[in-house]
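# Report on the structure
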Amino acid sequence: MASPAGNSAHPMPPATADLTTTWAFLEEGVDHIMTKLQTGVSYSKYMSLYTVAYNYCTSSRMHGTTDAGSGASNRTGANLMGSDLYNNLIRYFITHLKLLKDQSDSLQDEALLRYYAAEWDRYTTGANYINRLFTYLNRHWVKRERDEGRKGVYPVYTLALVQWKSNFFLHVQSKHQKLAGAILRLIEHQRNGDTIDQGLVKKVVDSFVSLGLDETDINKASLDVYKEHFETPFLETTEKYYKQESESFLAENSVSDYLKKAEERLREEEDRVERYLNTETRKMLVSKCEHVLIREHSELMWESFQSLLDYDKDEDLQRMYALLSRIPEGLDPLRKRFEEHVKKAGLAAVSKLVGQGAEGADSLEPKAYVDALLEVHRKNSETVNRSFRGEAGFVASLDKACREFVNRNAATGTSSTKSPELLAKHADMLLRKNNKMAEDEDLEGALNRVMVLFKYIEDKDVFQTFYTTKLSKRLIHGVSASDEAESSMISKLKEACGFEYTNKLARMFTDMTLSKDLTDQFRDRMQQNHDDMDINFSIMVLGTNFWPLNAPTHGFTIPQEIAPTYDRFSKYYQTKHSGRKLTWLWNYSKNELHTNYLNQKYILMTSSYQMAVLLQYNRHDTLSLDELITATAISKEILLQVLTLLTKAKVLVSEEADQYDLNPGFRSKKIRVNLNQPIKAEVKAESTEVMKAVDEDRKYVIQARIVRIMKARKTMKNQPLIQEVISQISHIFAPKIPDIKKAIDTLLEKEYIERVDGTRDTFAYVA
Amino acid sequence: MGKIKQDEWTEGTSALQISSLPVLGHALRDLENLLVRDAEPIKTASNAAPSKKRTSATAGAAQKDPYNRSRYFGYAEDKNAAFSELYQFCFVLAKPPQSRNIEMETAIAFWSVLLAPSFSIVSEMIEFLNAKSSYKAANKDLWSMMLEFCRTVDPSLDNYEADGAWPTVLDDFVAWKKAGGSQAQAS
């Protein structure tokens, strides 16, 4: 058995000692541990304390007990003895804490916190040892009591905390929340910019957490004390503090400054949680701050958003975005305003441009127009990326606004085709030879920028038609800048709109290559068979369905000079591809004539009509208009324009009305004389013709789409069918419902689809 | 206009037991009164039990049918179905054999005979179609849907559904009428 400890006032009682003796010994030890642990406790002392507690619990001797709950007769000793020790421990804690209570009463604020923190440290450290000292009690008596459902019994350490809470903590708090108030005041000092002892605050706050007790499971942490005594008042004061601060700050400062302030405050509060609060508080604290600092002032921020945009205050915008993105409904008004802003900027840019041009929208330079639109897009797209972190909602607003002003602005008026037309013309300029504005690397960039706007164009089919027309001109006249750039553009369009969209364009290139080969082959063959080929001939055979070209509507008598070549090629082609029909597009052909009648040999570059007229003068020196009409079979209207050009160039002279003479004194500074100017009527007709072609195409696009949908679905109701058509076509153009209905009418008539018997609005595919 | 072949004619008239023009006229008037003018069916003794064989004449002259009315009584049992049959037959009758459609002029004439007596809206429809010269022909769908329209849509157009699957001509008509019809055009 253990021997009595050396420096103890009480000798170690024997195993059979009664409660009074035992407790006297234990109390002295407990008190030592609780109050002057710093002086140390020897191992043997500790062992003897442990042994005494153990012995007492295990002694089987019946003992008078005050514990009413332990009446069962089959209890072991520990059960009966346990309650005695337990009750004495309670009494000890109460006495011990009474002392602290008395000492703390005179303390305030920081002094109180320091005292509390120091005592807390000492108390919890001590209680930890005591807890281990009474391990046996914990393990048997306490456990059994708790297992049997007695609520008020805790392991010794927990008991110490419970006692601290009810005998000390609640006492201090009962005086106007003296403890929490002291913390809150310290925090306020810190918010006001003073330095405080954060460690102290942390210690006290942590004690609040430790005092929480979950009665149903004592091992589980509970924040009820923390929440009730600290968090709730803390959140209240926070709200009050920032409400007051934000209002007075805004009264004296600009919104820009406020944004900075609010941002800073929010960061500070988050740091505060990190530093000395329980992480549980973060969410509520942050949302409280967001409410007071942001939501309460969101109206004001929304109001000042426009001026930040107007003055390009990127940083402020960034801040406003960051702040408002923290509250769920914060960004929507910004997105709406931003959309409106971009739209206005776009419209203003175009209006300015139109206003500058003397003749307004009609004479608009495609490049200037495209550049103006692009500039608005570029600037605002940067704003989205820089200030709004490329957030999807703002991207959508930007896109929506761009779609609006790209398709409808001062230049377009009510026409939905002006924008695609100008954009296609711009692309044409870029891709033409002699384009000064595009160096090679720059060209690719410029084409990419075209695609930026292309994305917003609603009537992509109009663009397609204009583009096709322009491309065909580039190819026929050989003025395309480079095949590489052309195919790069086509692949971009293909990527944006799919294979179908660029199919025709690609076919046009195929035709060009084939034609080159065909010309070479024909030339070789002719050189073998004929030696009278004094005409240099090249041909392009272009598929009717892929090229937006129209055959001349009037007659044309092939001049006898070229008739043999014409016949030979026609025959050659027939033998090569029997059954194919060649339509000669004289209106797109061009010629070079070498003069022999002048001292100086000139090369006249002409259209076929000009050529036909001029060749007449191989046999005549003077001809009347009627004679020319008979000879060439060109309509009078066009012939007159041809003649006007020729007389203007002084190749022909007209001294009497309707009488044209060859000018024997023709002179030119250049050897190569270009007479092939476009005829006015042709230029003007182009735009309207394109629109007619587009409208016609749309009918078929809609019909084809309906047939395709119906083929897949077999039967479909009217309304879903219309919706489906719209959704499938809208990436090319926005189909109008009456047009779709007309297409349905047509398909019903052609019996591609039928109405299902007995229903009015259900259609079925007719196989 | 439609052609009726000789054997079709003989087959039809013999089934009806019609051998003179006045009797034919009588039969047609009966049919028109029944289906187009929506008159009460003629009552005869045999009405209660119409039989296919009604050749024996009964005593009273008034009881005697001038022609074989068995089909007539068949029609009288379901006038709607009978009218639909007549109406659809008329499209085929009016249609040139190679064409899918009938000319609008012809269609209007038919409608004024077939539909106008029973459906008040048809006269306005005809007015509309005459005013808009852009409609050149009526296809089968428009023909069928016209009857459907007359039967289901209220003359006030209150129950007309704009997003229904009506042919565009009918949509246009409704838009025209709602815009004030002929009055608006005149002013």
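Residues numbered from 1 in each chain as written. Chains lettered and ligands numbered in written order. Predicted model: local features only at pLDDT ≥ 70, side-chain atom pairs only at ≥ 80, totals over all residues. Heavy atoms only, no water.

As annotated in an unreviewed UniProt entry, chain B carries the name Defective in cullin neddylation protein and is attributed to Coniophora puteana. In its Function (unreviewed entry) section, the UniProt entry covering chain B states "Neddylation of cullins play an essential role in the regulation of SCF-type complexes activity." (UniProt positions renumbered as here; feature names shortened; annotations may be inferred.)

Chain A carries the name Cullin-1 in an unreviewed UniProt entry, which gives Coniophora puteana as its organism. Turning to chain A, the UniProt annotation filed under Pathway (unreviewed entry) states: "Protein modification; protein ubiquitination." Word for word, the UniProt comment on chain A under Sequence similarities (unreviewed entry) is "Belongs to the cullin family."

On to the UniProt feature "coiled-coil region" (unreviewed entry) in chain A. Sites flagged by UniProt as "coiled-coil region" (unreviewed entry) map to residues 252-279 of chain A. Helix and strand shares over residues 252-279 of chain A are 82% and 0% respectively, and the end C-alpha atoms of the span are 34 Å apart. (Helix = DSSP H or I, 4+ residues; strand = E, 2+ residues; numbered from the N terminus.)

Residue and element names in this part refer to chain A. Looking at where Ser515 falls in the secondary structure, it is placed in helix H21 (residues 499-529). A distance of 2.7 Å separates the side chain of Ser515 from the backbone oxygen of Asp511, its partner in a polar contact. Discounting chain neighbours no more than four positions away, the residues touching Ser515 are Ile539, Met540, Val541 and Leu542. (Polar contact = N/O pair within 3.5 Å; in protein donor to acceptor, adjacent residues only side chain to side chain. Contact = heavy atoms within 4.5 Å.)

Attention now moves to the packing of aromatic side chains. Residue and element names in this part refer to chain A. Under the definition given, this model contains 51 aromatic pairs over all chains. Judged by centre distance (6.1 Å) and plane angle (40°), the ring pair of Phe305 and Phe388 falls under tilted. Remark: Phe388 occurs in the loop between helix H15 (366-387) and helix H16 (392-407) and Phe305 occurs in helix H12 (residues 298-310); sequence separation between them is 83 residues. Phe388 matches Phe305 in its accessibility class, with the two residues each being buried. Judged by centre distance (4.8 Å) and plane angle (40°), the rings of Phe556 and Trp586 are tilted. In this pair, Phe556 is assigned in the loop between H21 and helix H22 (563-576) and Trp586 in the loop between H22 and strand E1 (590-594), connecting sequence segments 30 residues apart. Each member of the pair Phe556 and Trp586 is classed as buried. An aromatic cluster is defined as three or more aromatic residues linked by ring pairs; in this entry it consists of Phe522, Phe537, Phe556, Tyr566, Phe569, Tyr572, Tyr573, Trp584, Trp586 and Tyr609. Here the guanidinium or amino end of Arg132 rests over the ring plane of Tyr129, the centre of that ring lying 5.2 Å away. (Phe/Tyr/Trp six-rings, centres within 6.5 Å; stacked < 30°, edge-to-face > 60°. Buried < 20%, exposed > 50% of the residue type's maximum accessible area, 1.4 Å probe, protein only. Lys NZ or Arg CZ within 6 Å of the ring centre and 35° of its normal.)

Between chain B and chain A, the contact holds 14 residues from the first and 13 residues from the second. Across the chain B to chain A interface the summed buried area is about 1300 Å²; carbon plus sulfur atoms make up 44%. When the area that chain B buries against chain A is broken down by residue, the three leading residues are Arg100, Ala165 and Thr168 of chain B, summing to 40%. The interface formed by chain B and chain A includes two salt bridges. Two residues, Lys741 of chain A and Asp171 of chain B, come together in a salt bridge whose shortest N-O distance is 2.3 Å. (Buried area = accessible area lost by both parts, 1.4 Å probe. Salt bridge = Lys/Arg side-chain N within 4 Å of Asp/Glu carboxyl O.)

Residues and elements named next belong to chain A. If you trace the three strands from one edge of the open sheet to the other, you get E1-E2-E6, paired in mixed fashion. If you trace the sheet from one side to the other, it starts and ends with E1 and strand E6 (672-674), each paired once. This sheet shows a mean twist of 25° between the axes of neighbouring strands, independent of strand direction. Summarising the sheet, strand E2 (residues 603-607) and E6 pair through three bridges and their orientation is parallel. Looking at the pairing, Met605 lines up with Asn674 of E6. Against the sheet, helix H23 (residues 608-616) touches E1 and E2, its axis set at about 120° to E2. (Pairing = 2+ DSSP bridges. Axes fitted to C-alpha atoms, helices over the stretch in contact; angles between N-to-C directions.)

Quick look at the sheet that holds strand E5 (residues 659-662) of chain A now. Residue and element names in this part refer to chain A. In spatial order, the strands read E3-E5-E4; together these three strands make up an open sheet with antiparallel pairing. Strands with a single pairing partner mark the edges of an open sheet, and in this sheet they are strand E3 (622-624) and strand E4 (652-653). As paired elements, E4 and E5 share two bridges and run antiparallel to each other. Bridged to Leu652 within E5 is Leu662. Against the sheet, helix H24 (residues 625-632) touches E3 and E5, its axis set at about 90° to E3.

All names here are of chain A. If you walk through the whole model with that rule in mind, you get 57 salt bridges over all chains. Lys243 is the partner of Glu296 in a salt bridge, and the nearest nitrogen-oxygen pair spans 3.7 Å. Residue Glu296 is found in the loop between helix H11 (280-294) and H12, and its partner Lys243 is found in helix H9 (residues 224-252); the two are separated by 53 residues along the sequence. Note on Lys243: relative accessible area 36%, which makes it partly exposed. With a shortest N-O distance of 3.0 Å, Glu458 and Arg408 are connected by a salt bridge. On the criterion of sequence distance, the pair formed by Glu458 in the loop between helix H18 (440-456) and helix H19 (460-476) and Arg408 in the loop between H16 and helix H17 (418-431) is long-range, its members being 50 residues apart. Accessibility expressed as a relative area gives 23% for Glu458, which makes it partly exposed. By sharing partners, the salt bridges in this structure join Glu270, Glu274, Arg282, Glu290 and Arg326 into a single network.

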